[in-house]
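Single-letter residue listing:
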Amino acid sequence: MDVAQALTNLLSKEASGSTLSLPGPSTLTHEYLLELIASVTYHPISKAPVLPKPIALALAKASQAVWWPTVCPDEVERRYIDDSEVTGDWDAVDIVPDEIEKYAIKYLRRFRSAYVS
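Residues numbered from 1 in each chain as written. Predicted model: local features only at pLDDT ≥ 70, side-chain atom pairs only at ≥ 80, totals over all residues. Heavy atoms only, no water.

### Some remarks on the layout of surface pockets
Item 1. If you add up the space inside the largest pocket, you get close to 1,100 Å³.
Item 2. Gly24, Ser26, Leu28, Leu33 and Asp83 are, among the 28 residues lining the largest pocket, the residues nearest its centre.
Item 3. Residue assignment for the lining of the largest pocket shows that the elements contributing at least two residues are helix H1 (2–11), helix H2 (30–41), helix H4 (73–79) and helix H5 (101–108).
Item 4. A breakdown of the residues in the lining of the largest pocket according to their chemical character gives 14 nonpolar, seven polar and seven charged.
Item 5. Taken as a whole, the second largest pocket encloses approximately 850 Å³ of empty space.
Item 6. Lining the second largest pocket are 26 residues, with His30, Ala48, Pro49, Val50 and Arg79 positioned closest to its centre.
Item 7. It is H2 that contributes the most residues to the lining of the second largest pocket, seven residues altogether.
Item 8. Of the residues in the lining of the second largest pocket, the class split is 16 nonpolar, six polar and four charged. (1 Å grid on protein atoms, 1.4 Å probe; cavity = no way out; pocket = protein on both sides within 12 Å on 5 of 7 lines; lining within 4 Å. Points joined across faces, edges and corners; volume = space filled by probe spheres on them. Helix = DSSP H or I, 4+ residues; strand = E, 2+ residues; numbered from the N terminus. Nonpolar A, V, L, I, M, F, W, Y, C, P; charged D, E, K, R; others polar.)

### Brief notes about H2
Item 1. Taking 1.5 Å as the rise per residue, H2 with twelve residues should run 16 Å; its terminal C-alpha atoms sit 17 Å apart, in good agreement.
Item 2. Residues Leu36, Ala38, Val40 and Thr41 constitute the buried set of H2.
Item 3. Where the residues of H2 are buried, they touch H5. (Expected span 1.5 Å × (residues − 1). Buried < 20%, exposed > 50% of the residue type's maximum accessible area, 1.4 Å probe, protein only. Contact = heavy atoms within 4.5 Å.)

### Describing a nonpolar patch on the surface
Item 1. A grouping of Val3, Leu7 and Leu10 is seen on the molecular surface, where their side chains present a nonpolar patch of about 240 Å² in accessible area.
Item 2. By secondary structure assignment, the location of Leu10 is in helix H1. (Patch = residues over 30% accessible without salt bridge, like charges linked within 9 Å, V, L, I, M, F, W, Y side chains within 5 Å. Areas by Shrake-Rupley, 256 points an atom, 1.4 Å probe, with all protein chains shown as cover. Salt bridge = Lys/Arg side-chain N within 4 Å of Asp/Glu carboxyl O.)

### Quick look at the packing of H2 against H5
Item 1. Axis separation between H2 and H5 bottoms out at 10 Å; the angle between their running directions is 50 degrees. Here H2 lies oblique to H5, going by the angle between them. Once H2 is placed against H5, the crossing between them reads as right-handed. Contacts between H2 and H5 involve Tyr32, Leu36, Ile37, Val40 and Thr41 from the former and Glu101, Ala104, Ile105 and Leu108 from the latter.
Item 2. Looking at the contact of H2 with H5 residue by residue, the class counts come to seven nonpolar, one polar and one charged. (Axes fitted to C-alpha atoms, helices over the stretch in contact; angles between N-to-C directions. Parallel < 35°, antiparallel > 145°, perpendicular 65-115°, else oblique. Left-handed = near helix turned anticlockwise from the far one by under 90°.)

In structure tokens:
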């Protein structure tokens, strides 16, 4: 929601030609986000093993030969990027970012089973 509002605010401003960094207000780990999704959707976290990056990249490249959607090598590369220390440019777009927990139920509710109220 915050990034969409930032884009809307940028439409009314003169183009600066620079890239904006819009991180969240707090640092979240991949594991925390998985637990958040599991708690909202009532689906258990996957038991798939975590592979070292070179093995994951090799499997992702090999899986590109099949026609159905799989993990692409770019996704593997991005999973290993550590951008937790990036400063935000929220002041440039006049936005104060919100925490993800505030909106999680709104977007994840549709992934719940019909048996869960």
